[in-house]
Amino acid sequence: MKIAIYPGSFDPVTSGHLNIIRRAANIFDRLIVCVMVNAGKNPMFTLEERVELIRRVTGDIPNVEVDCSNELLAEYAKRRGGCVVVKGLRAGSDFENEFQMALINHKINPDLDTMFLTAESQYMYLSSSTVKELGSYGVDLSDFLPAEIIPDFQKKIGKKPI
Ligand code: ADP
């Protein structure tokens, strides 16, 4: 059984993330989406909220599991039996950092490879931080967030759509 891990902050999960999740779930037997604790970031949603939002939007995909961890990714993957880390690649700016992380993870855990899925063109410039910025101006987010989580996002940010 090929298990892949899709790690990230998912603050909150966007339509771009969901697109990667669906495509990776079609490729691997099991996909574990893991919300990673990142001490350097000050998240809008708590860890538990982020996990719950991802569970809600992936409920129809049977081979997807949602988890969270504060471990090193290479160690988490080993513990969970994952052989591949899935990453989404947007514009070139993602590449440098992701390439470095892939090499480091492979060094720490030589059984672990990283595979990149290119972002779909309509999500190429979409990130959780862009969504938060647009949301703070009350922009309609239906092209950026899964419909089921828009009310949660608006409640958190305290804005009604324009
Ligand atoms: P961000 O805060 O930048 O949205 P995350 O840490 O939550 O990023 O992202 C987790 C993973 O999802 C990363 O591999 C990132 O490159 C990828 N990703 C984020 N947004 C998109 C998108 N719009 N399309 C494809 N992949 C994406």
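Residues numbered from 1 in each chain as written. Predicted model: local features only at pLDDT ≥ 70, side-chain atom pairs only at ≥ 80, totals over all residues. Heavy atoms only, no water.

**Section: the packing of aromatic side chains**
Geometry of an aromatic ring pair is reported as the spacing of the ring centres plus the angle between the planes. Quick reminder of the rule: Stacked, tilted and edge-to-face are the three classes assigned to paired rings of Phe, Tyr and Trp, where Trp is represented by its six-membered ring and a pair needs centres within 6.5 Å; plane angles under 30 degrees give stacked, over 60 edge-to-face, the rest tilted. Burial here depends on accessible area, computed with a 1.4 Å probe over protein chains only, as a share of the maximum for the residue type. Under 20% is buried, over 50% is exposed, and the range in between is partly exposed. Numbering of helices and strands runs from the N terminus, with a helix taken as a DSSP run of H or I at least four residues long and a strand as a DSSP run of E at least two residues long.
Summed over the entire model, instances satisfying the criterion amount to two aromatic pairs. A ring pair is formed by tyrosine 6 and phenylalanine 10, whose centres lie 5.2 Å apart and whose planes are at 75 degrees; its orientation type is edge-to-face. Both residues of the pair, tyrosine 6 and phenylalanine 10, count as buried. Arranged with centres 5.2 Å apart and planes meeting at 20 degrees, the rings of phenylalanine 95 and phenylalanine 99 form a pair that is stacked. With phenylalanine 95 and phenylalanine 99 both in helix α4 (residues 93–108), this residue pair falls four residues apart, about one helical turn.

**Observations regarding α4**
In plain terms, the rule: To be clear, the arc concerns the directions from the helix axis to the C-beta atoms.
Every buried residue belonging to α4 is among Asp94, Glu98, Ala102 and Asn105, and all of these are buried. The buried residues of α4 occupy an angular sector of 70 degrees when projected down its axis, which confines them to one face. Residues Glu96, Leu103 and Lys107 are exposed on α4 and point more than 90 degrees away from its buried face.

**Some thoughts on the site of the ligand**
Our working definition: Throughout this document, a residue counts as near a molecule or strand when at least one of its heavy atoms sits within 4 Å of that molecule or strand. Polar contacts, as counted here, are pairs of nitrogen or oxygen atoms within 3.5 Å of one another; within protein the pair requires one atom able to donate a hydrogen and one able to accept it, and residues that are adjacent in sequence qualify only if both atoms are side-chain atoms. Throughout, the Shrake-Rupley method with a 1.4 Å probe supplies accessible areas, and for residues the shown protein chains are the sole cover considered.
Looking at the ligand, there are 18 residues lining it, with Tyr6, Phe10, Gly88, Tyr123 and Leu126 nearest. Phenylalanine 10 has a polar backbone atom sitting 2.9 Å from an oxygen atom of the ligand. At 2.8 Å from a nitrogen atom of the ligand is found a main-chain nitrogen or oxygen belonging to tyrosine 123. Burial of the ligand by the protein chains amounts to 90% of its free accessible area of 540 Å².

**Section: the pairing of strand β4 (residues 84–89)**
Put simply, the rule is: Any two strands with at least two DSSP-identified bridges between them are counted as paired. For a crossover, the right-handed case is the one in which the path from the first strand over the helix to the second runs clockwise, viewed with the strands pointing away from the viewer.
Burial analysis of β4 places five of its six residues in the buried class, which makes it a mostly covered element. The pairing of strand β1 (residues 3–8) with β4 spans two bridges and is parallel. Considered in β4, the bridge of isoleucine 5 is made with valine 85. As judged from the six bridges shared by β4 and strand β5 (residues 113–118), these two strands associate in the parallel manner. Bridging from a neighbouring strand, leucine 89 pairs with threonine 118 of β5. Once you follow β4 into α4 and on to β5, the crossover reads as right-handed.

**Description of the sheet that holds strand β2 (residues 30–36)**
The condition is simple: Axis geometry follows a simple rule: fit a line to the C-alpha atoms, using only the stretch in contact for helices, then measure angles between N-to-C directions, giving values from 0 to 180 degrees. We call two residues contacting when some pair of their heavy atoms lies within 4.5 Å.
The strand order across the open sheet built from five strands is β3-β2-β1-β4-β5, with neighbouring strands paired in parallel fashion. With one partner strand each, in any of the chains shown, β3 (64–69) and β5 form the two edges of the open sheet. Each adjacent strand pair in this sheet contributes to an overall mean axis angle of 30 degrees, direction not counted. Docked against the sheet, helix α1 (residues 15–27) engages β1, β2, β3, β4 and β5, running at close to 120 degrees with respect to β5. Across the sheet, α4 touches β4 and β5, and the angle it forms with β4 is around 175 degrees.

Any functional reading would require information beyond the geometric quantities listed.
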